[in-house]
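One letter stands for each residue in the lines below.
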Amino acid sequence: MRDSVLWRFFQFVRLTAGLSVAILGLETLHGQVYGQVYGQERVIVKSDGTEIPVKLFSVDDIQLTCLIEGKQLTIPVEQVSAIRNVADPPVMESSKPFLIGLGDGSTVATNSILYDRNAITIQGMQNEEWKLAPRDVAWIRFVQNGQESINRDWQEMLDRKGRSGDWLVFDRNGQLDFLEGLVGNITESTIELTSNGQTNQAPRDRVIGIVFFHGVKRTFAPAVGRLRTIDGDEFPASTVRFTADSILLATIGGMEVDIPADRFLEFEASKQKYVIVSKLIPVTVEWKPLVANSSTIEFQQRWNRPKFDMSFESETLSLQFPASDRAWSSYQLVEYSHGIAAKAGTRIVYEIDGEFSRLSGSAGFAPKLQLTGRVDLVVVGDGEELFRKSFDKTVFEPVPVLVELNKTKRLTIQVDYGNGSGFGGILHLCDLKLER
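Okay, so let's go over this structure. (Residues numbered from 1 in each chain as written. Predicted model: local features only at pLDDT ≥ 70, side-chain atom pairs only at ≥ 80, totals over all residues. Heavy atoms only, no water.)

## Quick word on the sheet that holds strand E34 (residues 375–381)
Neighbouring strands of a sheet are bound in pairs by backbone hydrogen bonds; such pairs are parallel or else antiparallel. Cut-off, in case you're wondering: Here a strand pair is declared whenever DSSP counts at least two bridges between the two strands. Strands are runs of DSSP state E lasting at least 2 residues, helices are runs of H or I lasting at least 4, and numbering of each runs from the N terminus. In this description, a line fitted to the C-alpha atoms serves as the axis of each element, helices being fitted only across the stretch in contact, and the angle between N-to-C directions of two axes falls anywhere from 0 to 180 degrees.
With antiparallel pairing, five strands are arranged side by side in an open sheet as E27-E32-E37-E34-E35. The sheet is open, and its two borders are formed by strand E27 (284–287) and strand E35 (384–391), each paired with just one other strand. Pairs of neighbouring strands in the sheet enclose a mean axial angle of 10 degrees, with direction left out of account. Of the pairings in the sheet, the one linking strand E32 (residues 346–351) to strand E37 (residues 410–417) comprises six bridges and is antiparallel in character. Across the sheet, Thr 346 pairs through a bridge with Val 415, a residue of E37.

## Concerning the pairing of strand E17 (residues 190–195)
Judged from the three bridges that link them, strand E16 (residues 175–186) and E17 form a sheet pairing that is antiparallel. By the bridge assignment, Leu 182 is partnered in E17 with Thr 194. Adjacent in sequence and paired antiparallel, E16 and E17 are bridged by three residues. The pairing of E17 with strand E18 (residues 198–203) spans six bridges and is classified as antiparallel. In the strand pairing of E18, Ser 195 is matched with Gln 198. Hairpin connection, E17 to E18: the antiparallel pair is bridged by two residues, and Asn 196 has positive phi, about 55 degrees.

## Focus: the sheet that holds strand E29 (residues 317–322)
Reading across from one edge, E20-E30-E29 is the order of the three strands in this open sheet, with mixed pairing throughout. The open sheet has two edge strands, strand E20 (217–219) and E29, and neither has a second partner. This sheet shows a mean twist of 30 degrees between the axes of neighbouring strands, independent of strand direction. Bridge analysis of E29 against strand E30 (residues 331–336) gives six bridges, and the strand direction is antiparallel. Along E30, the bridge assignment pairs Pro 322 with Tyr 331.

## Observations concerning the pairing of strand E24 (residues 256–260)
Here is the rule we go by: Classification of residues uses two cut-offs on accessible area relative to the type maximum, computed with a 1.4 Å probe and protein chains only: under 20% is buried, over 50% is exposed, and between them is partly exposed.
With five of its five residues buried, E24 lies for the most part within the structure. Alternating residues of E24 divide into Glu 256, Asp 258 and Pro 260 and Val 257 and Ile 259, and every residue in both groups is buried. Note that strand E23 (residues 246–251) and E24 share five bridges and pair antiparallel. Of the residues in E24, the one forming a bridge with Leu 249 is Val 257. Once E23 ends, the chain turns through four residues before running back antiparallel as E24, passing Gly 254 with a positive phi of about 95 degrees.

## Here's the deal with the side chain of Ser 311
We apply this condition: Between two residues, a contact is recorded if the distance between any of their heavy atoms is within 4.5 Å.
Position of Ser 311 relative to the elements: it lies in the loop between strand E28 (307–308) and E29. With relative accessibility at 2%, the residue Ser 311 sits in the buried group. Setting aside residues no more than four positions away along its own chain, Ser 311 makes contact with Leu 317, Ala 341 and His 428.

## Remarks on the environment of Ala 82
Structurally, the position occupied by Ala 82 is in strand E8 (residues 80–85). The exposure class of Ala 82 is buried, given its relative accessible area of 1%. On a C-alpha basis, the gap between Ala 82 and Glu 266 in space is 7.4 Å, while along the polypeptide they are 184 residues apart. Aside from chain neighbours lying at most four places away, what touches Ala 82 is Val 43, Ile 44, Val 45, Phe 267, Glu 268 and Ala 269.

## Thoughts on the packing of aromatic side chains
Aromatic rings considered in pairs are described by the distance between their centres and by the relative angle of their planes. Quick reminder of the rule: Here is the rule: rings of Phe, Tyr and Trp (six-membered ring for Trp) pair when centre to centre is within 6.5 Å. Planes less than 30 degrees apart are stacked, more than 60 are edge-to-face, and the remainder are tilted. Lysine and arginine charges are scored as sitting over a ring when NZ or CZ, respectively, is within 6 Å of the ring centre and within 35 degrees of the ring normal.
A full pass over the atoms with the stated rule returns five aromatic pairs. Each ring, one from Tyr 115 and one from Phe 212, has its centre 6.4 Å from the other, and the planes form 90 degrees; the classification is edge-to-face. Here Tyr 115 is found in strand E11 (residues 113–115), whereas its partner Phe 212 is found in the loop between strand E19 (207–211) and E20, with 97 residues between them in sequence. Taking the relative accessible area as the measure of exposure, Phe 212 reaches 8% and is therefore buried. Judged by centre distance (5.9 Å) and plane angle (80 degrees), the ring pair of Trp 139 and Trp 154 falls under edge-to-face. Linking Trp 139 in strand E14 (residues 137–141) with Trp 154 in helix H3 (residues 148–159), this pair joins segments that are 15 residues apart in sequence. Comparing Trp 139 with Trp 154, the two get one shared label, buried. One cation-aromatic arrangement involves Arg 204 over Phe 98; the distance from NZ or CZ to the ring centre is 5.2 Å. The ring of Phe 312 has Lys 343 lying over it, and the distance from NZ or CZ to the ring centre is 4.7 Å.

## Considering unusual backbone geometry
Residue Asp 309 is not a glycine yet carries a positive backbone phi of 65 degrees. Residue placement: Asp 309 occurs in the loop between E28 and E29. Using a relative accessible area of 27% as the deciding quantity, one classes Asp 309 as partly exposed.

## Topic: the pattern of salt bridges
Here the idea is simple: oppositely charged side chains can pair when their charged atoms come close. For the record, the criterion: The salt bridge definition used is simple: a Lys or Arg side-chain nitrogen within 4 Å of an Asp or Glu carboxyl oxygen.
Here the structure, examined in full by the defined rule, presents 18 salt bridges. Between Asp 376 and Arg 374 there is a salt bridge whose closest N-O contact spans 3.1 Å. Exposure remark for Asp 376: the relative accessible area of 5% places this residue in the buried category. One salt bridge in this structure joins Arg 388 and Asp 376, with 3.4 Å as the shortest N-O distance. Taken as a pair, Arg 388 in strand E35 and Asp 376 in strand E34 lie far apart in primary sequence, 12 residues in all. Judged by its relative accessible area of 43%, Arg 388 is partly exposed. Because the salt bridges share partners, they merge into one network encompassing Arg 84, Arg 226, Arg 228, Glu 234, Glu 266 and Glu 268.

Take a look at the structure:
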């Protein structure tokens with residue numbers, strides 16, 4: 001989490017939530033914060049068209065929970081279509097001219113963009129200063145040109161593969177073109193670009209936007225929905241909590257945002273419904289050594305238990321894939337926001353009540369691991385083995401995990417010692433999802 005977008009800036013969100021509890025007299029209900037029944041009224045639109053007026057509620061990747069007339073109501077997320085204001089939102093005083101696109105799909109409108117190689121500084125919703133890590137920024141749009149052809153060309157550039165450097169995008173006679181290199185300092189008037197050993201200053205008012213190149217790819221779990229503000233901001237959410245005067249949101253990239261209630265426009269629920277395995281609470285989590293030593297077993301079990309949403313080095317989970325032909329390296333590191341790091345000897349059990357049709361994700365050795373020994377990844381449903389894959393030094397590429405679940409109620413994920421070996425073997429089980 002500490003590597004996530006705007007980590008330092010958004011640490012204040014937890015303090016804000018804590019102060020709200022103390023000042024407003026909020027009460028805690030099943031880990032979610034609810035306030036007194038006042039504030040801006042909204043409507044929950046269910047997939048069957050039913051509308052439920054409500055003021056305070058929370059949404060995660062499993063259910064929506066709210067209080068109606070003092071009673072708790074839970075709605076499965078697959079039955080939620082959208083959340084909207086009952087009253088029309090306030091009129092925007094002025095539009096913000098620039099857009100920042102983040103790697104997780106968030107877009108943030110701003111009046112100011114500066115870059116000094118270490119951080120990209122922008123203004124937030126209340127003109128507060130945000131500092132973004134460059135690795136988290138996918139693109140910058142300086143000119144939001146309304147011409148359909150320009151917007152179409154811009155989207156094609158964002159989708160284009162095979163970049164080996166940053167792209168400085170400009171308008172050439174009504175069509176977008178680019179210069180490739182390394183973007184340096186961005187000021188109010190110029191953008192620095194280094195290409196072929198030369199550094200030049202481009203006039204910022206001539207640049208449509210920047211598309212950044214990042215050597216390390218990142219993938220994110222599907223969002224439960226997208227929240228939009230009246231300012232033009234858009235956030236793919238993993239959790240959303242509506243309080244009396246703000247919306248506390250966590251994006252799929254790990255960013256935490258406190259959005260004032262009067263800036264909320266709408267929340268549109270995702271049509272694809274998933275549950276992230278690493279966010280579920282297992283009924284059993286255990287690790288057993290291949291050879292037990294009674295004097296150290298307790299310490300070993302604490303040290304070797306699986307890690308959720310982080311590696312054993314407390315870093316972002318990652319897998320190493322073969323790179324494309326144009327890449328400078330023969331391997332491409334891909335980072336994942338969700339998953340499990342598990343050593344040989346691990347067993348994790350979930351009760352899933354037969355409501356999911358498939359388990360999917362990717363699995364492979366931890367990239368920093370020396371490939372010695374062998375481990376087996378095994379998925380068991382209600383006592384029946386559904387999936388098995390052996391990993392050793394000959395399996396140097398991650399493999400897809402696709403397991404059909406036939407009304408499975410008890411799901412077990414194991415990383416076994418293969419052929420009596422596998423000491424130190426660590427698998428990264430990345431982006432594991434249970435699909436309905």
